[in-house]
Amino acid sequence: MTKAAHTNRIRESTGSKVFNVINAILLIFLCFLTLYPIWYCLVASFTATSYLSAHQGIMFIPHMFTTSAYRLAFTHPLLLSGYRNILIVLVVSVPLNIILTVFTGYFLASRDVLLKPVIQFMIMFTMFFNGGMIPTFLNIRDLGLYNTLWALILPGAISVYNCIICRTAIQSIPASLNESAYLDGANDLVIVFRLTLPLIMPTIAVLVLYYGIGHWNAWFPASIYLQDNDKLPIQNIMRSILIANSNLLNAAASETDKVDDFAETIKYSTIILTTVPVLCIYPFLQKYFVKGVMIGAVKG
């Protein structure tokens, strides 16, 4: 039996073996190119600024090992307030995003709704056209949201693209389930929370990831709508340190911090502190991103 199975096994040709070897080498090289920038930032964050300034180029291990940048980062009021602000935005925004998206997706997936074509056109119109930066800024200022965290929460409370993903998932639910629920006396709120939500939980996970990472990476709205430094989220603090010559860092640092002694190192340490949370979560939830892309690919 074993001999017959060995005989029937397809033998790999020499060309196929060469192709597999070359393909493996190419993929390993691409993985190295992808991972090395992250590894370099991690190594540089533990390397003294004097060494970084004198040795430009590839580096695989820390030199003149130091943790001074991380000590300042963990004690610095702006970085801590940046984490606090982004966590507040996430805790408030994501549930609001999901609720509004589910309600809109349920409406778009419903049949025989009064004025649905008109309302659907108005919703889709906002996906391609908006009022522009200046009118939006004036609107937020007149609503009293300027220089508050609400300016980061309310204007982007819903995404039309995510509503389309939610609508597609809801449309996959058999209409007979909703009809049975109506016959049993359930209203639309009961159907949404007790029937629709449990059946589209994988899609809800996708939307939570989309909204959460969107808020985590967003820095431009805060740079426009927030004036006080202690209200800025972590990405804006990082951008100031990386681009704006560490003005915010030097402004809030104490006299004993001596920021200039490790200015380069703290840039890399800040990158690590702001990207590690997402890097730790993403590998475990990558399948939901793939599922979300596949769901959003069908919009009919």
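Here goes a summary of the coordinates provided. (Residues numbered from 1 in each chain as written. Predicted model: local features only at pLDDT ≥ 70, side-chain atom pairs only at ≥ 80, totals over all residues. Heavy atoms only, no water.)

## Here we look at the overall build of the protein
Looking only at helices and strands, one finds 16 helices and zero strands in the protein. In the protein, which comprises 300 residues, the share counted as buried stands at 36%. As presented, the protein carries roughly 18,400 Å² of accessible surface, and 68% of it is formed by carbon and sulfur atoms. (Helix = DSSP H or I, 4+ residues; strand = E, 2+ residues; numbered from the N terminus. Buried < 20%, exposed > 50% of the residue type's maximum accessible area, 1.4 Å probe, protein only. Areas by Shrake-Rupley, 256 points an atom, 1.4 Å probe, with all protein chains shown as cover.)

## Quick look at the nonpolar core
Core analysis: the largest hydrophobic core is formed by 46 residues, its most contacted members being Y40, M59, I98, V102, I200, I204 and L207. A per-element tally of this core places helix α5 (residues 77-109) first, with 10 residues. Here this core gathers at least three residues from each of two domains, domain 1 (2-66) and domain 2 (71-299). Once residues within four sequence positions are removed from consideration, I200 is found in contact with C166, A169, I170 and I173. Residues L108, I123, V160 and I164 belong to the second largest nonpolar core, which totals six residues. (Core = buried A, V, L, I, M, F, W, Y, C linked by side-chain atoms within 4.5 Å. Domains from an automatic or database assignment. Contact = heavy atoms within 4.5 Å.)

## Some remarks on the packing of helix α6 (residues 116-128) against helix α9 (residues 160-171)
Direction vectors running N to C along α6 and α9 enclose 130 degrees, while the axes themselves pass 9 Å from each other. Judged on the interaxial angle alone, α9 and α6 are oblique. On α9, the residues touching Q120, I123, M124, T126 and M127 of α6 are V160, Y161, I164 and R167. (Axes fitted to C-alpha atoms, helices over the stretch in contact; angles between N-to-C directions. Parallel < 35°, antiparallel > 145°, perpendicular 65-115°, else oblique.)

## A short note on the side chain of T101
Structurally, T101 can be placed in helix α5. Contacts of T101, omitting those with residues within four sequence positions, involve I158, N162, C163, C166, L207 and Y211.

## Regarding the side chain of Q235
You can see Q235 is positioned in helix α14 (residues 234-243). There is a polar contact of 3.3 Å between the side chain of Q235 and the backbone oxygen of W216. For Q235, the contacting residues outside a window of four places in its chain are W216, N217, A218, W219 and T274. (Polar contact = N/O pair within 3.5 Å; in protein donor to acceptor, adjacent residues only side chain to side chain.)

## Points about the layout of surface pockets
There is about 800 Å³ of room inside the largest pocket. Forming the boundary of the largest pocket are 30 residues, of which T136, P155, G156, P221 and Y225 lie nearest the centre. When residues of the lining of the largest pocket are traced back to their parent elements, those giving at least two are α5, α6, α7 (133-142), α8 (150-153), α9, α12 (201-217) and α13 (220-225). With five residues, the top contributor of residues to the lining of the largest pocket is α13. (1 Å grid on protein atoms, 1.4 Å probe; cavity = no way out; pocket = protein on both sides within 12 Å on 5 of 7 lines; lining within 4 Å. Points joined across faces, edges and corners; volume = space filled by probe spheres on them.)

## Quick word on the packing of aromatic side chains
In this structure the tally under the stated criterion is 13 aromatic pairs. For the ring pair Y36 and Y40, a centre distance of 6.0 Å and an interplane angle of 50 degrees mean the geometry is tilted. In this pair, Y36 and Y40 both sit in helix α2 (residues 14-45), four residues apart, roughly one turn of the helix. For Y40, a relative accessible area of 14% puts it in the buried group. Their ring planes at 50 degrees and their centres at 6.5 Å tell us that Y83 and W216 sit as a pair that is tilted. Highlighted residues: Y83 in helix α5 and W216 in helix α12, separated in sequence by 133 residues. What makes Y83 partly exposed here is its relative accessible area of 23%. (Phe/Tyr/Trp six-rings, centres within 6.5 Å; stacked < 30°, edge-to-face > 60°.)

## Structural notes on a nonpolar patch on the surface
Residues L26, L27, F29, L30, F32, L33, W39, L42, I58, F60 and I61 make up a contiguous nonpolar surface patch of roughly 1,100 Å² in combined accessible area. Note on placement: L27 falls in helix α2. (Patch = residues over 30% accessible without salt bridge, like charges linked within 9 Å, V, L, I, M, F, W, Y side chains within 5 Å. Salt bridge = Lys/Arg side-chain N within 4 Å of Asp/Glu carboxyl O.)

## What about helix α11 (residues 188-199)?
With 12 residues, α11 should reach 16 Å at 1.5 Å per residue; the first-to-last C-alpha distance of 15 Å fits that figure. All buried positions along α11 are accounted for by I191, V192, T196 and L197. Seen from one end, α11 has its buried residues packed into an arc of 145 degrees, which puts them on one side. If you follow the buried residues of α11, they end up packed against α5, α9, α10 (175-183) and α12. (Expected span 1.5 Å × (residues − 1). Arc of directions from axis to C-beta.)

## Re the packing of α5 against α9
Two elements in contact, α5 and α9, have axes separated by 8 Å at closest approach and are oriented at 55 degrees. When the interaxial angle is binned, α5 and α9 end up oblique. The handedness of the crossing between α5 and α9 comes out as right-handed. Contact with α5, carried on its side by T101, V102, T104, G105, Y106, L108 and A109, involves N162, C163, C166, R167, I170 and Q171 of α9 and no other residues of that element. (Left-handed = near helix turned anticlockwise from the far one by under 90°.)

## Structural notes on unusual backbone geometry
The phi angle at L115 is positive, at roughly 60 degrees, despite the residue not being glycine. Along the chain, L115 turns up in the loop between α5 and α6. A positive phi angle, close to 65 degrees, is found at N147, a residue other than glycine. Looking at where N147 falls in the secondary structure, it is placed in the loop between α7 and α8.

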